[in-house]
Amino acid sequence: MQKRTLYIGNLAYTAVEEDLEQAFESFGVIEDIKLMRDRETGRSRGFAFITFEKETEAEAARTMDGKEVAGRPLRVNDARQKESGQRDSTKRQPRSFNNNFNR
């Protein structure tokens, strides 16, 4: 990911995109907020990615690391590219099961 994208962790499970926007909009123009959600329940998974228009804005937003939002201290770090070997749910292969019941 680019240096202007931040990983935001330790979010409250009740967090929504608007909470993040309110907490980070004072640092600059936010291009994108991706709040990761559980695909079964739709509830927040406790982390998100925020992309700022400029790297200097993202750098300023890093000062939110450790600041409390919704009762929880945030973890703010540079987002990293997914390393090879990590699961990518967009390229998930369907499972196949051996039907060995009638041998």
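Residues numbered from 1 in each chain as written. Predicted model: local features only at pLDDT ≥ 70, side-chain atom pairs only at ≥ 80, totals over all residues. Heavy atoms only, no water.

A. Structural view of the pattern of salt bridges. Within the structure shown, the criterion is met by 5 salt bridges. Ionic pairing is found between Arg-4 and Glu-31, a salt bridge with its closest N-O pair at 2.8 Å. Taken together, the residues Arg-4 in the segment before strand 1 (5–9) and Glu-31 in strand 2 (residues 30–37) connect sequence positions 27 residues apart. (Salt bridge = Lys/Arg side-chain N within 4 Å of Asp/Glu carboxyl O. Helix = DSSP H or I, 4+ residues; strand = E, 2+ residues; numbered from the N terminus.)

B. The arrangement of helix 1 (residues 17–24) in detail. Leu-20, Ala-23 and Phe-24 are the residues of helix 1 that are buried. Buried residues of helix 1 fall within an arc of 80° about the axis and therefore sit on the same side. (Buried < 20%, exposed > 50% of the residue type's maximum accessible area, 1.4 Å probe, protein only. Arc of directions from axis to C-beta.)

C. A look at the environment of Phe-47. Structurally, Phe-47 can be placed in strand 3 (residues 44–52). Separated by 38 residues in sequence, Phe-47 and Gly-9 have C-alpha atoms that sit 4.3 Å apart. For Phe-47, the contacting residues outside a window of four places in its chain are Tyr-7, Ile-8, Gly-9, Leu-11, Lys-34, Leu-35 and Met-36. (Contact = heavy atoms within 4.5 Å.)

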